[in-house]
Amino acid sequence: MSVLCVHAALTDAAVWARWLLALGQLAPTVLTDPTLDEVRPGFQPKERRLTLSAMPTPVINPDTREQTDLNTPWTVVMHNDPINLFAMVVKVLQKVCEHPKEKAERLTNQIHNEGKAVVWDGPKEQAEMKAHQLQGWGLDARMEKA
Amino acid sequence: MKLDIIRPLDNGQFQLVLPHHVRTMFGHLAQQLKQVLRNEADPARGRLVRPVYQEDDNDHDDDVDLMARMMVEERCTDVDMVAEMMSEDVIDAEQVAVLAKVANSLRLVLAERLNMTTEDATQVMRLDPDPPAELAMFDLLGVLVAASVEVL
């Protein structure tokens, strides 16, 4: 997760001016051109995204388990993606998983620091729906047997 | 610093404060997002639509048949909603949420195309006085996502 702070020293007008000046050069097929990184050589390939094998075993948050049936067998595990903003992840966990803000922040920190966290557990069908709802926000949510 | 992009109104709705040029560009990008979502061979789609089930092929196949395709179409509907939104000055909370989702999806696709993280982009935007257009768009989208989730 990331926190935006790039424009801290600029005025609104200066930020917009900088964006609009640069956006004039935006390629018309910027999203659908798979070779974009080849024409923008300033970005070197990086392996910053955590791989599954490098990730620690998820720790099931005790608070999460208290709210759901202890015998239910599925968990929703959210994996870190360095594109998603910290504040967005917190808000989505509040909305989709109905966690209080403090718990959403704690889980978001865990995802950021440890690579993943169990954000919800419960019956399979509900877990599946939660995972899809989280993915709808662009978050990397997957299901695992508890 | 917070840019005044989504301004809460007294009636519970929100004023969308975006220049015309950016609205046009955003609507155009959103339509490209639909192409990415529907192209199963596009690697960037894998950043948007991930396998929910990791451990069981049968569960995975069922999920793709029953849920995943439906969710993709739902996201395409969100894209259409955002394209319409770009001609509106006042939007409601549901539209703000959709705007945030689509803007974040656009960021994910750009990041995949450019093979970068938010931190990479932040560093270039901080140091380069003449940043590439794709980074400027990525940056703007990030501010739009942040502004959206803040008012939700």
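You'll find the structure just up there.
Conventions and cut-offs
- Throughout, a residue's number is its position along its own chain's written sequence, starting from 1.
- Whichever chain is written first is A, and whichever ligand is written first is 1; the rest continue in order.
- Since the coordinates come from a predicted model, pLDDT governs what is reported: local features require at least 70, and pairs of side-chain atoms require 80 or more to be given and counted, while whole-chain, interface and lining totals use all residues.
- Each side-chain value is derived from all of the structure's non-hydrogen atoms; neither hydrogens nor water enter the calculation.
- At least two DSSP bridges between two strands are required for those strands to pair.
- Each helix is a run of H or I in the DSSP string that is no shorter than four residues. Each strand is a run of E no shorter than two, and both are numbered from the N terminus.
- For every element, the axis is a line fit to its C-alpha atoms; helices are fit only across the contacting stretch, and the angle between N-to-C directions ranges from 0 to 180 degrees.
- Residue contacts are defined here by distance: any two heavy atoms, one from each residue, within 4.5 Å place the two residues in contact.
- Only protein chains enter the accessibility calculation, which uses a 1.4 Å probe; a residue whose area is less than 20% of its type maximum is buried, one above 50% is exposed, and one in between is partly exposed.
- The salt bridge criterion pairs a side-chain nitrogen of Lys or Arg with a carboxyl oxygen of Asp or Glu, the two atoms within 4 Å.

### A short note on the sheet that holds strand β1 (residues 74–79) of chain A
Backbone hydrogen bonds are what pair the strands of a sheet, in a parallel or an antiparallel way.
Residues and elements named next belong to chain A.
Reasoning step 1: On the basis of which strands lie adjacent, the open sheet formed by three strands has the order β2-β1-β3 and antiparallel pairing. Two strands close off the open sheet at either side, each with one partner strand: β2 (116–122) and β3 (140–145). Averaged over all adjacent pairs, the angle separating strand axes in this sheet is 30°, with direction ignored.
Reasoning step 2: Here β1 pairs with β2 via six bridges, running antiparallel. Across the sheet, M78 pairs through a bridge with A117, a residue of β2.
Reasoning step 3: With respect to the sheet, helix α5 (residues 101–114) is in contact with β1 and β2, its orientation differing from that of β2 by roughly 135°.

### Structural notes on unusual backbone geometry
The phi torsion of most residues other than glycine is negative, and most of the peptide bonds are trans.
Reasoning step 1: The residue E98(A) is not glycine, and still its phi comes out positive at about 60°.
Reasoning step 2: Tracing the sequence through the fold places E98(A) in the loop between α4 (86–96) and α5.
Reasoning step 3: We classify E98(A) as exposed; its relative accessible area is 60%.
Reasoning step 4: Positive phi, normally seen in glycine, also occurs at N115(B), with a value near 55°.
Reasoning step 5: Relative to the helices and strands, N115(B) resides in the loop between α4 (93–114) and α5 (118–127).

### Structural notes on the sheet that holds strand β3 (residues 90–91) of chain B
Residues and elements named next belong to chain B.
Reasoning step 1: The strand order across the open sheet formed by three strands is β1-β2-β3, and the pairing between neighbours is antiparallel. Either end of the sheet is taken by a strand with one partner, and the two such strands are β1 (6–8) and β3.
Reasoning step 2: Packing against the sheet, helix α6 (residues 133–151) makes contact with β1 and β2 (14–16), and its axis sits at approximately 15° to β1.

### Focus on the pattern of salt bridges
Reasoning step 1: Here the structure, examined in full by the defined rule, presents 10 salt bridges over all chains.
Reasoning step 2: In this structure, the salt-bridge partner of R47(B) is D81(A), at a minimum N-O distance of 2.8 Å. Of this pair, R47(B) sits in helix α2 (residues 45–48) while D81(A) is found in the loop between β1 and α4, placing the two residues in two different chains.
Reasoning step 3: A residue is classified by how much of its surface remains accessible, and D81(A), at 3% relative accessible area, is buried.
Reasoning step 4: Salt-bridge contacts for D81(A) lead to R50(B); the nearest nitrogen and oxygen are separated by 2.8 Å. Taken together, the residues span two chains, with D81(A) in the loop between β1 and α4 and R50(B) in the loop between α2 and α3 (57–85). For the pair D81(A) and R50(B), a shared accessibility class is recorded, and that class is buried.

Read these as geometric descriptors, not functional statements.
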